[in-house]
Amino acid sequence: MYGLAMVKGLMVTLKNLTRKPFTVQYPEERVRQHPRFRGEEFVWYEERCTGCASCAKYCPLGIIRIETSPSGSAIPQGDKYRLEVFDIELQRCMFCGLCVEACPYDALFMGSGFEQGQYSRKNMIITIDQLRNAEKHPSTWFRPQLEGYEGDTSIRRGTPTIAQGDSRFTYDPRGGPPLGWREVGREAWRWHQKEKAGMRLGQIPETPESAGEKAPEPRADD
Amino acid sequence: MNCQLASDSVLYANGLYRVVYNVAGSFLPCWLAYLIAGLVIIFILVNAVLLGAAVITWGERRVLGRFQNRVGPNRWGPFGMFQPIADLLKLLTKEDLRPQGSDRIVFALVPILMVAPLILLTAVIPFAKNAALASLNVGVLYILAVSSVSSVAIFMAGWSSNNRYAMFGAARAVAVLISYEVPVVLSLLGVVMVAASMSLGSIVEAQALPFILVMPMAFLVFLAGMSAELNRSPFDVAEAESEIIAGYHTEYSGVRFALIQAAEFGGVGVVAAIAAVLFLGGWSGPWSEYLGWLWFLLKTGVVVFLFIWFRATYPRLRIDQIMAFSWKFLLPLSMINLAAVTLEVFFLRGDDGSLTTADLGIMAAINIVVTVVSVIVFGNLIRDRVTLRTRQPQQVAVPGVPTIEVS
Amino acid sequence: MTIRTEPVTVNVGPQHPSTHGVFRVRITFDGEDIVEVEPVFGYLHRGSEKLAEERNYVQVITLTDRLDYTSSMINNQAYCLAVEKLLEVEPPPRAKYLRTLTAELQRIASHLIAVGFFVQELGAFGTPLMYSFRSRERILDLFEMLCGARVTVSYMRPGGVFADAPRDFWPALDRFLEDFEEELAEMEQLLLENEILMVRTRGVSPIPAEVAINCSVSGPVLRASGINWDWRKQEPYDAYDQVEFDVPIGSNGDNYDRFWVRMQEIHQSLRIVRQCIAQIEPGQVRLDLPLVLRPEAGREAYGRVEASKGELAFYLVSDGGISPYRCKIRSPSLINLTIIEHLLVGWKLADMIVSLGSIDINMGEVDR
């Protein structure tokens, strides 16, 4: 009425004039990334990888290329594969993280970078050597063991937040030391109950359902 | 050679001009001294306008950024001050594009025609006491006449671009410019009447009380009208970027675009300067003998800030609403203002036709009341369109609509 | 001499500052008045429905993120509901609450974009848009905490959500809710009663209830026309039957009503989020389903949600394989576009842009 609301609008903008800018001046300042951030620079632990290519099969875009050959190292258990090619075509990756979700042995992790600009698409392919030699700062996306509360179902409003001095809760992939393959695994995995992640094949306990996958059929409940 | 500048010359009042003229005239022919002195002043003015445009570009982006809770340009120089220079360099190195089917000559003329009136306008603005290049005794008339040239340029731009968006923008701009000329002229008539002069210098001197207080309504009308003439928000229909891309300068790029932008932002500065002179008392203020230029710059800056503030806050009006606003709101207001001022001047003026400061105070008191009353009266006329009906979330039965079955 | 005039045809889009992406309307103008409208779309067609047929049920989630990229959480939710119906499973209650909560946060974010761009198209030079993005940014930060991505979230899975919220999520959510109150109040102060906004939008492009129903419009556009229709109320899914909220209804379906309904829905969404926080219980967040799902052959499911733009539904047919035999997406933006002729014809060029903004189309969803 009578332009009073317009005057009110002027006051709102004037109030914001005196406020500190909300934006972040990117190259100098950075927003704090959450450890779950799904970024490039995939982290791959060769010690954990069996070459099953679950990640390649589960990738919606099919950008992971894996080639293996019999290694002849564990013939009695059905041999172990040696990985020859593990290419990730990063230029087509959409960072959905399904490959990480599919990996049964905690061998593949997302990274947390987002700045890998290249002049050529060829350079965007991460090869097995790059994966081997990269410094390993895994993201906690779908890896609750890194966040330190695996199996803790009491996470809800009201529970104490980050415990003081508890380093498990303050894990930050962008800072801190790189993690080795022994530090990132889970002791037990739902789909491989008897098999410990990171085990070499000779160590698998001799039970019939040791390597048993769950039935692919959905539960026939209800 | 002993050259003597005639004391009734329009250039006589300018101290710098006289100094240059006398120095040059001491060893050069008079006509050459006249020319050199003129060129010196013109050099200063042209650079002032273009630099002012650059400063306003930077300031606007910076302040607008803060209004919007962001930082604005901050990469080049301290506080991003060199951003306009970087922009200019980028635009200068661009390809000179002319759309197919455009009128080549008219298309190329437009940027020049847009910048020229601005520089002409600065000729009469008194930056400080006796610092106008030409103290024209018809200064206000000159301003109105010269500033209207830009509407021709805008229409040329729209017509020659061979682009329908540009044509839309040009048609809108011309309609707006012509209708806003009328209330602006009427509001300035009041100023001229009180100051009893059309010369900008005399108008500043007449402002014992700033005319914004004496005639607040005239200031409102002038500000709105000038926003419209500058295509500034909320009247920026001519280059409404969300509707018609960039309006009349859709097809311009490179150095031509740079000139059009310079004209636009320079225009803000020049209009703000005019507003400061006409309504805010120009260079007058404490120690105006020495700090007049500072007062002038300060007041101009305040008006520029007002323009930026409006731009940061308001949405745009539609073209027919802008026309209605001009003819149905601003025109009556300016006429009321004119009538009030006429009567007040008639009854309050002394025997010699002059007004004392006390007279101005009485006028201010009356006019502020008149302004409030008329804004309320005219606001009431359009009240129905702008009042928020209170509504509560509720089920509304719609007649004629079949009830929808929920399965 | 009589002046000869003729209508002018202008291609608005696909490259135009305010057609919400690559939408194109061929408009015939008589002066500034619109006499004929012909929408042309398909510039962003990516064949999502066909692509879904050769991806397995979980992989399709990544496609749904990219439909309406301003409300990917809700797209995830609609798809997951469809798959759950197909599998005849029900997610655990905690997952339901997490889904409801994230969907409502996403609705706030989406409506903020809608309102921001609506006012941007009215000509406010970026200010309301920046204010709404300021708040939206906070919501995206929350999403990053939850699932590591800000826009293409892929958070939900058939049978729940992929993981529980991290511990620092809840305090951050509280902080957001606290700050957002003030930011929302600021936006309302700036916009809700602004005279210029009112004269521009009140009574412009009204959609009568009959037209809205006949065009099978949904979402805020339908509710602005005065029809109380919200799938969250009509057919509650996830945890919507556990929370209380109102459905804001407009009166005459003009541009202002559509804008007003969205502003009110933000308030209602905040209410839902608060109730979710209060009600959520500890527990499992995901059913123990295998990675590769194989629903029974011949089964069909239609999962629908009230997305931020209207009724979003996925129709899935299974042939017993690992990927859907058919995946039909009922995208609200496309169906809402059917009222475009009623919206635009007879109004001016400036109203056209605003009306387009008021139905809040998203080309990712229109062209799919």
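Residues numbered from 1 in each chain as written. Chains lettered and ligands numbered in written order. Predicted model: local features only at pLDDT ≥ 70, side-chain atom pairs only at ≥ 80, totals over all residues.

Asks: So what about the overall build of chain C? Which residues, and what values?
Replies: Helices and strands together make up the secondary structure of chain C, namely 15 helices and eight strands. For chain C, whose C-alpha radius of gyration is 21 Å, the value lies close to the compact-globule estimate of 21 Å for 368 residues. Over its C-alpha atoms, taken along the principal directions, chain C stretches across nearly 80 × 45 × 35 Å. Counting the 368 residues in chain C, one finds 60% classified as buried. Of all intrachain contacts in chain C linking residues separated by at least 6 positions in sequence, the fraction that spans at least 24 positions is 71%. (Helix = DSSP H or I, 4+ residues; strand = E, 2+ residues; numbered from the N terminus. Rg over C-alpha atoms; globule rule 2.2 N^0.38 Å. Buried ≥ 20, exposed ≤ 12 C-beta atoms within 10 Å, placed from the backbone. Contact = placed C-beta atoms within 7 Å.)

Asks: Requested: an account of the overall build of chain A, with residues and values cited.
Replies: When helices and strands are counted, chain A shows five helices and five strands. In sequence order, chain A lays out its α and β elements as α-β-α-β-β-α-β-β-α-α. For chain A, with 222 residues in total, the buried portion stands at 28%. Contacts spanning at least 24 positions in sequence make up 71% of the contacts within chain A whose residues lie at least 6 apart.

Asks: Just give me the short version of the interface of chain B and chain A, but keep the residues and values in it.
Replies: Listed per partner, the contact involves 16 residues of chain B and 14 residues of chain A. Sorting the residues of the side of chain B that touches chain A by element identifies helix H2 (30-67), helix H13 (288-313), helix H15 (357-381) and helix H16 (383-386) of chain B as the ones contributing at least two each. Across the side of chain B that touches chain A, the residue classes tally to eight nonpolar, five polar and three charged. (Nonpolar A, V, L, I, M, F, W, Y, C, P; charged D, E, K, R; others polar.)

Asks: How would you summarise unusual backbone geometry if you had to cite specific residues and measurements?
Replies: We note that B:Asn231 has phi near 55°; this positive angle belongs to a residue other than glycine. Its place among the elements puts B:Asn231 in the loop between helix H10 (216-229) and helix H11 (241-244). Residue C:Ser216 is not a glycine yet carries a positive backbone phi of 45°. Secondary-structure assignment places C:Ser216 in the loop between helix H8 (209-214) and helix H9 (220-224). Classification of C:Ser216 as partly exposed rests on a count of 15 C-beta atoms within 10 Å.

Asks: I'd like to hear about the environment of C:Glu195, residue by residue, with values.
Replies: Along the polypeptide, C:Glu195 turns up in helix H7 (residues 195-201). For the pair C:Glu195 and C:Gly148, spaced 47 residues apart in sequence, the C-alpha separation works out to 42 Å.

Asks: Kindly report on the interface of chain B and chain C, identifying the contributing residues and their values.
Replies: Taken residue by residue, the interface counts 36 residues in chain B and 45 residues in chain C. The set of elements that each furnish at least two residues to the side of chain B that touches chain C consists of helix H7 (164-195), H11, H13, helix H14 (319-348) and H16 of chain B. Residues that form the side of chain B that touches chain C fall into these classes: 17 nonpolar, nine polar and ten charged.

Asks: So what's going on with the sheet that holds strand S5 (residues 125-126) of chain A? Residues and values would help.
Replies: All names here are of chain A. Taken together, three strands build an open sheet; the order of strands is S2-S3-S5 and the sheet is antiparallel. A single partner strand is all that each edge strand has here, and the edge strands are strand S2 (64-70) and S5. With two bridges joining them, strand S3 (residues 81-89) and S5 adopt antiparallel strand pairing. For glutamate 89, the partnering residue across the bridge sits in S5 and is isoleucine 125. (Pairing = 2+ DSSP bridges.)

Asks: Let's hear about the nonpolar core: which residues, and what values?
Replies: By size, the foremost hydrophobic cluster in this structure holds 268 residues, and its most contacted members are A:Cys99, B:Val191, B:Phe222, B:Ala275 and C:Ala78. For this core, the element with the most residues is helix H12 (residues 254-279) of chain B, which contributes 17 residues. A domain-level breakdown of this core finds at least three residues from each of domain 1 (1-93) and domain 2 (104-382) of chain B. Apart from the residues within four sequence positions on either side, B:Val191 is in contact with B:Ile203, B:Phe211, B:Met215, B:Ala218 and B:Leu278. (Core = buried A, V, L, I, M, F, W, Y, C linked by C-beta atoms within 7 Å. Domains from an automatic or database assignment.)

Asks: An account of the packing of helix H3 (residues 72-87) of chain C against helix H4 (residues 93-122) of chain C is needed here, citing residue identities and associated values.
Replies: Residues and elements named next belong to chain C. One way to put it is that H3 packs onto H4 with a least axis distance of 7 Å and a crossing angle of 140°. With respect to their mutual orientation, H3 and H4 come out oblique. Across the interface between the two elements, Met73, Ile74 and Gln77 of H3 pack against Arg99, Thr102, Ala103, Gln106 and Arg107 of H4. In terms of residue class, the contact of H3 with H4 is made up of three nonpolar, three polar and two charged. (Axes fitted to C-alpha atoms, helices over the stretch in contact; angles between N-to-C directions. Parallel < 35°, antiparallel > 145°, perpendicular 65-115°, else oblique.)

Asks: Give me the pairing of S3(A): which residues, what numbers.
Replies: Here seven bridges tie S2(A) to S3(A), and the two strands are oriented antiparallel to one another. For A:Thr68, the partnering residue across the bridge sits in S3(A) and is A:Leu83.

Asks: Go over the environment of A:Arg174 with me, naming the residues and quoting the values.
Replies: All names here are of chain A. Mapped onto the fold, arginine 174 is located in the segment after helix H5 (144-147). Accessibility expressed as a C-beta count within 10 Å gives 15 for arginine 174, which makes it partly exposed. Expressed as a C-alpha distance, the spacing of arginine 174 and histidine 137, which sit 37 residues apart in the sequence, is 7.0 Å. Residues in contact with arginine 174, not counting those within four places in the same chain, are Gln33, Ser112 and His137.

Asks: Can you tell me about the confidence of the model for chain C, naming the residues and giving the values?
Replies: Mean pLDDT over chain C works out to 86, with 100% of the residues at or above the 70 mark. Interface predicted TM-score (ipTM) for the complex: 0.84; the corresponding pTM is 0.85. (pLDDT = per-residue confidence, 0-100.)

Asks: Explain the sheet that holds strand S2 (residues 24-30) of chain C residue by residue, including any values.
Replies: Residue and element names in this part refer to chain C. Across the sheet, three strands lie side by side as S1-S2-S3; this open sheet has antiparallel pairing. Strands with a single pairing partner mark the edges of an open sheet, and in this sheet they are strand S1 (8-12) and strand S3 (33-40). Neighbour-to-neighbour, the strand axes of this sheet turn through a mean angle of 20°, independent of strand direction.

Asks: How would you summarise the pairing of strand S7 (residues 310-317) of chain C if you had to cite specific residues and measurements?
Replies: All names here are of chain C. Counting buried positions along S7 gives six out of eight residues, so the element sits mostly inside the fold. As judged from the eight bridges shared by strand S6 (residues 300-307) and S7, these two strands associate in the antiparallel manner. Bridging across to S7, alanine 301 finds its partner in leucine 316. Counted along the chain from S6 to the antiparallel partner S7, the turn is two residues long.

Asks: Lay out the packing of H7(B) against H14(B) in plain terms, naming residues and giving numbers.
Replies: All names here are of chain B. For the pair H7 and H14, interaxial distance at closest approach is 9 Å and the crossing angle is 10°. The orientation of H7 relative to H14 falls into the category roughly parallel. In the contact of H7 with H14, the residues fall into 19 nonpolar, seven polar and one charged.

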